[in-house]
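# Remarks on the overall topology
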Amino acid sequence: MAALGARRLLRPGRRWFSETVPGAPSPPAGPLYPPVVASITAKSKAAKSRRLQRFNQRVHAAATVEEKLRLYGKLQRPKYMVYPQTFALNADRWYRSFTKTVLVPGMPPRAAKPPAAAAGTTPEAGRAPEPGAEAPRAAEAPEAAKTPGPAAGAAPYISMGELRSLACDALLQESFYQKKKRPFLYRDQDHTPGPFLTQLVSTLAAFLSGRNPLLAASSLDLNPEVNYYWHHGEEVVVHGHRKGRVDPVRFQIDDNPHLQIRVPKQLPEVVPLESDLGDVPVIDHKPSKLPLFKKQYENKVFIGSKVADPCCYGHTQFHLLPDKLKRERFIRERLEDQIEVVYRSNGIASLFAWTAAQAMYQGFWSEADVTRPFVSQAVVTDGKYFAFFCYQLNTLALTAETIKNNPRKNICWGTDSKPLYDVVEDGNVKGFNDEVLLQLVRFLLNRPKEL
Amino acid sequence: LFAGVRQAQWLTKTKLVEGLPPAVQGIVDNPAHGLQELEERAKHAVSHARLWDTAEVAPRREQYCPVLFENLIHICRLMSGKYPSLSKRMLARNCRIAATWERESILLQVRGLSGILLNSMTPIAPVASKEEILATKEHVLETFYPIAPTIDLQEVNVYKELNDTGQCFGDGYPYSHPHTLFFLESANTRTDRFRPEQLRAKMLMFAFGNALAKAKALHGNDPKVLEQPVVVQSIGTDGQLFQFMVFQLNTTDLVSNDGVKNLVWIDSDQNLYEKAQCVPEVKKRVVMKPAGISGFQPDTFKKFLALYLHGTV
């Protein structure tokens with residue numbers, strides 16, 4: 001009763017208060033109740049999406065890149081192991097569909113280099129003589145024609161003879177001059193082509209470092225490790241205690257290139273970010289039909305060295321095909337068209353893993369897509385035949401939700417494999433192919449436009 | 001080798017000089033070579049090898065020792081942008097060396113995998129002057145009586161006296177002069193690695209073997225005093241400590257104890273860095289030692305580079 005009386009007294013009191021403070025709104029500015037959202041722990045689709053959102057926010061808000069990578073790969077589930085060097089038939093079509101890559105045959109169009117100013121030289125124009133370019137020039141200056149540099153202070157143009165002699169020396173050193181034991185069974189590649197590739201790349205890189213300041217600041221890794229983990233597409237879990245749930249399809253690439261060059265500055269983009277140069281193949285089968293097998297282990301993302309390394313962008317990778325995938329084996333089994341597939345699948349998978357890992361080291365991931373394209377190059381060889389690849393990563397958003405409104409595609413330019421030489425006998429290299437060496441030198445000289 | 005460098009000296013009839021020869025020291029001190037800017041790169045090379053190279057927390061010695069060596073050689077090789085004659089070098093890995101000589105009626109032989117060898121087209125000029133070479137005549141080789149000099153050496157029946165450095169010399173091999181030998185002690189356990197003293201002795205023996213094989217190939221098998229001494233350098237490391245050595249072969253007449261002796265300059269136990277901390281050491285929530293390389297000594301890298309550049313600069 002006293003309460004009723006108090007309330008009756010209060011009501012005129014309230015009006016009395018409102019008369020003294022006219023026009024002051026009493027309810028608080030925001031809503032009275034917390035927002036109505038799905039629960040976190042319920043077994044419902046809304047709860048699952050809320051949990052996913054919370055996870056995405058956690059990764060977005062991570063302080064350092066290492067923390068981001070740790071959270072990104074925290075949950076371990078069975079995933080498909082994608083091997084870049086594989087004997088699977090038509091593997092490059094499957095890999096293109098997993099990584100949303102467009103394959104463009106041939107090499108990317110080279111942007112016009114700035115004209116030879118006082119200090120700079122145009123290695124393209126100055127490569128005298130360029131074989132296959134202009135016959136009269138080649139006829140005039142067959143061998144080591146060191147045309148004098150334009151102005152004082154400019155380095156002389158490189159001559160094909162010098163490069164050729166470097167390459168031939170490396171080849172002869174490994175195959176002929178150095179006394180080695182017989183190669184181990186099925187380890188032919190470690191005996192001669194492996195050391196030859198190491199020698200060739202290290203001497204060429206050192207030789208060209210005067211011309212390409214990016215190479216002068218580069219870091220050479222022997223037998224590094226490159227890993228990348230991503231989701232693409234969705235599937236229904238087949239058996240086990242999680243049977244029936246819709247899960248993203250997880251992939252992991254663990255790659256060991258023979259040699260790689262990492263640089264502190266990024267290579268320039270080849271085409272703009274949103275360009276569309278072809279179609280990505282769509283494959284209706286499950287990835288396990290390739291064949292691809294699942295395993296559950298640590299989700300690693302690694303470019304060859306940790307995040308603290310200043311050389312965090314990639315320049316060129318060199319891959320050596322193992323004995324299992326040599327050409328004679330394919331020819332014997334009448335699968336000649338698969339020879340090129342081996343080179344292509346190796347190039348696409350390795351380069352995708354490398355560029356995507358570089359992008360993750362800069363803080364991008366599938367929810368935070370790249371704002372600039374990441375470009376890297378690779379050379380796949382079996383010791384004699386060389387195939388060149390250039391990859392531009394335009395998008396990391398390959399998961400089922402993010403791929404819906406994503407028009408961007410990754411692009412890979414690739415050539416067929418060509419032999420560098422015909423045969424080595426008696427201390428002579430017969431049938432040396434200058435074009436392949438030229439392409440290799442062009443790869444090594446690639447650098448950002450400012451330098 | 002039991003008594004280390006002293007025993008190796010007796011076996012190869014060599015006189016020891018402490019420190020690096022003046023020619024190499026001149027390259028180290030010469031500021032024109034731009035060795036200051038390379039300090040930063042050398043520090044990155046060490047950090048990469050010791051800290052960043054692996055996805056695990058800390059790489060093991062078997063991994064970081066070769067990686068450190070490759071990184072340092074890469075920096076040295078990149079100097080060939082400045083000195084084009086540096087491209088006339090070729091690195092040979094896993095080369096096998098064999099050399100035999102007689103020493104006071106004991107037949108000695110050096111055989112085995114000598115690590116990594118750097119060959120060059122042009123030989124290194126002799127480091128010691130003629131007077132110094134003649135002065136070694138007076139030097140008496142120290143013996144450690146009562147221990148015989150051949151202690152700890154394996155006695156084998158030799159059927160073929162071999163002399164070669166793993167490469168075919170006569171076939172017009174362009175890089176025919178051994179320049180530098182590199183030894184990497186990269187075993188994980190300390191007992192498998194050579195101690196510094198023994199590492200220096202091993203370096204001396206192999207450098208001598210290479211020089212002797214080259215001298216015999218150039219001047220024939222007769223023992224005599226060489227007109228053009230053969231110089232071979234050698235660097236040994238276990239990932240942190242570096243041993244530098246320059247060996248000059250003055251004579252192949254090794255049977256007697258008198259006469260002109262060979263010369264070796266040794267700079268031992270140079271630390272490239274004090275400690276490489278992979279994870280910061282934290283005691284009671286306070287960071288005691290931050291992660292990174294501490295105590296980096298650029299002089300050691302300068303000496304490495306100087307030995308690499310020696311002969312072309």
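Quick caveat, the model's predicted, so the values are computed rather than measured.

## A look at the overall build of chain B
Within chain B, the regular secondary structure consists of seven helices and 13 strands. Taking as baseline every contact in chain B between residues at least 6 positions apart, the subset at least 24 positions apart corresponds to 75%. Surface accessibility of chain B: about 13900 Å² in total, with carbon and sulfur atoms responsible for 52%.

## Remarks on the overall build of chain A
Each helix and strand in chain A was counted, giving 13 helices and 14 strands. Across the 451 residues of chain A, 49% fall into the buried class. In chain A, the share of contacts with a sequence separation of at least 24, taken over all contacts with a separation of at least 6, comes to 77%.

## Quick word on the sheet that holds strand S9 (residues 262-271) of chain B
Residue and element names in this part refer to chain B. Strand order in the open sheet formed by seven strands is S1-S9-S8-S7-S6-S5-S2, and the pairing between neighbours is mixed. Two strands bound the open sheet, and with one partner strand each, they are strand S1 (14-18) and strand S2 (89-93). Each strand of the sheet is rotated relative to its neighbour by a mean of 20°, with strand direction disregarded. Sheet topology places strand S5 (residues 116-120) next to strand S6 (residues 177-184); five bridges connect them, and they run antiparallel. In the strand pairing of S6, Leu-117 is matched with Leu-181. Along the sheet, helix H4 (residues 61-78) contacts S2, S5, S6, strand S7 (225-237) and strand S8 (241-251); its crossing angle with S6, the most-contacted strand, is approximately 145°.

## Structural notes on the packing of aromatic side chains
All names here are of chain A. For the structure on display, the rule yields 21 aromatic pairs over all chains. An angle of 80° between the planes, with centres 5.4 Å apart, marks the rings of Phe-388 and Phe-443 as edge-to-face. Taken together, the residues span a long stretch of sequence, with Phe-388 in strand S10 (residues 385-393) and Phe-443 in helix H13 (residues 434-444) at a distance of 55 residues. Residue class for Phe-443 comes out buried when judged on its relative accessible area of 1%. Cluster of aromatic residues (ring-pair linked, three or more members): Tyr-80, Trp-94, Tyr-95, Phe-98, Tyr-228, Trp-230, Phe-251, Phe-352 and Tyr-391. Its end group placed over the ring of Tyr-80, Lys-294 keeps NZ or CZ at 4.9 Å from the ring centre. Here the guanidinium or amino end of Lys-295 rests over the ring plane of Tyr-297, the centre of that ring lying 5.4 Å away.

## Here we look at the sheet that holds strand S1 (residues 79-82) of chain A
All names here are of chain A. Ordered in space as S4-S5-S1-S7, the four strands form an open sheet in which the pairing is mixed. Of all strands in the sheet, those with a lone pairing partner are strand S4 (226-236) and strand S7 (294-295), marking the two edges. Pairing geometry for S1 and S7, over two bridges, is antiparallel. Bridged to Tyr-80 within S7 is Lys-294. Running at roughly 100° to S4, helix H12 (residues 338-361) makes contact with S4 and strand S5 (246-255) of the sheet.

## Considering the interface of chain A and chain B
Contact with chain A, which involves 34 residues of that partner, is made by 34 residues of chain B. Taking both sides of the interface into account, the surface hidden between chain A and chain B amounts to around 2700 Å²; carbon and sulfur atoms contribute 55%. Run the count over chain A and chain B and you get zero salt bridges. Secondary structure elements with two or more residues in the side of chain A that touches chain B: helix H7 (160-177), helix H9 (193-208), helix H10 (213-216) and strand S3 (219-222) of chain A. In terms of residue class, the side of chain A that touches chain B is made up of 15 nonpolar, twelve polar and seven charged.

## A word on the side chain of A:Gln317
All names here are of chain A. As for its position among the elements, Gln-317 is in strand S8 (residues 313-320). By relative accessible area, Gln-317 is classed as buried at 0%. Of the polar contacts made by the side chain of Gln-317, one reaches the side chain of Gln-260; its length is 3.3 Å.

## Comments concerning the confidence of the model for chain B
For residues with low pLDDT, the predicted coordinates do not support detailed interpretation. Residue and element names in this part refer to chain B. Mean pLDDT over chain B stands at 75; residues scoring 70 or higher make up 73%. Taken element by element, the predicted model of chain B shows its lowest mean pLDDT in strand S4 (residues 106-113) (64) and its highest in H4 (87). Taken together, the chains of this predicted complex give a pTM of 0.83 and an interface ipTM of 0.83.

## So, H9(A)
For H9(A), with 16 residues, the first-to-last C-alpha span of 22 Å sits near the 22 Å given by 1.5 Å per residue. Summarising burial for H9(A): 15 of the 16 residues are buried, a large majority.

## What about a nonpolar patch on the surface?
Taken together, A:Phe184, A:Leu185 and A:Tyr186 make up a surface patch of nonpolar side chains, about 440 Å² in accessible area. Tracing the backbone shows A:Phe184 in the loop between H7 and helix H8 (188-191).

## Observations concerning the side chain of A:Asn446
Relative to the helices and strands, A:Asn446 is located in the segment after H13. Once you skip the residues sitting within four places of it in the chain, A:Asn446 turns out to touch A:Arg110, A:Asn212, A:Leu214, A:Leu267, A:Pro268, A:His315 and A:Gln377.

## Structural notes on the nonpolar core
Of all hydrophobic cores here, the largest spans 104 residues; its most connected members are A:Tyr228, A:Trp230, A:Phe318 and A:Leu396. Broken down by element, the residue count for this core peaks at 14 residues, all from H12(A). When neighbours within four sequence positions are excluded, A:Tyr228 is seen to be in contact with A:Tyr72, A:Phe251, A:Gln252, A:Ile253, A:Lys300, A:Val301, A:Phe352, A:Ala353, A:Ala356, A:Ala357, A:Met360 and A:Leu396. Of all hydrophobic cores here, the second largest spans 46 residues; its members include B:Leu38, B:Met79, B:Phe182 and B:Val231.

## Concerning unusual backbone geometry
The omega torsion across A:Leu290 and A:Pro291 is 20°, close enough to zero to call that bond cis. Note that A:Pro291 resides in the loop between strand S6 (259-263) and S7. Although it is not a glycine, B:Asp269 adopts a positive phi angle of roughly 55°. Among the secondary structure elements, B:Asp269 is positioned in strand S9.

## Observations concerning the environment of B:His44
Inspection of the secondary structure assignment puts B:His44 in helix H3 (residues 37-52). Separated by 36 residues in the primary sequence, B:His44 and B:Ala8 have C-alpha atoms spaced 36 Å apart. Residues in contact with B:His44, not counting those within four places in the same chain, are A:Pro310 and B:Trp52.

## Remarks on a positive patch on the surface
All names here are of chain A. Where like charges cluster on the molecular surface, the positive patch consists of Lys-43, Lys-48, Arg-51 and Arg-245. Note on placement: Arg-245 falls in the loop between S4 and S5. Here Arg-245 falls in the partly exposed class, since its relative accessible area comes to 43%.

Cut-offs used in this document
Residues numbered from 1 in each chain as written. Chains lettered and ligands numbered in written order. Predicted model: local features only at pLDDT ≥ 70, side-chain atom pairs only at ≥ 80, totals over all residues. Heavy atoms only, no water. Helix = DSSP H or I, 4+ residues; strand = E, 2+ residues; numbered from the N terminus. Contact = heavy atoms within 4.5 Å. Areas by Shrake-Rupley, 256 points an atom, 1.4 Å probe, with all protein chains shown as cover. Buried < 20%, exposed > 50% of the residue type's maximum accessible area, 1.4 Å probe, protein only. Pairing = 2+ DSSP bridges. Axes fitted to C-alpha atoms, helices over the stretch in contact; angles between N-to-C directions. Phe/Tyr/Trp six-rings, centres within 6.5 Å; stacked < 30°, edge-to-face > 60°. Lys NZ or Arg CZ within 6 Å of the ring centre and 35° of its normal. Buried area = accessible area lost by both parts, 1.4 Å probe. Salt bridge = Lys/Arg side-chain N within 4 Å of Asp/Glu carboxyl O. Nonpolar A, V, L, I, M, F, W, Y, C, P; charged D, E, K, R; others polar. Polar contact = N/O pair within 3.5 Å; in protein donor to acceptor, adjacent residues only side chain to side chain. pLDDT = per-residue confidence, 0-100. Expected span 1.5 Å × (residues − 1). Patch = residues over 30% accessible without salt bridge, like charges linked within 9 Å, V, L, I, M, F, W, Y side chains within 5 Å. Core = buried A, V, L, I, M, F, W, Y, C linked by side-chain atoms within 4.5 Å. Lys, Arg positive; Asp, Glu negative; His and termini not counted. Charge placed at Lys NZ, Arg CZ, Asp CG, Glu CD.

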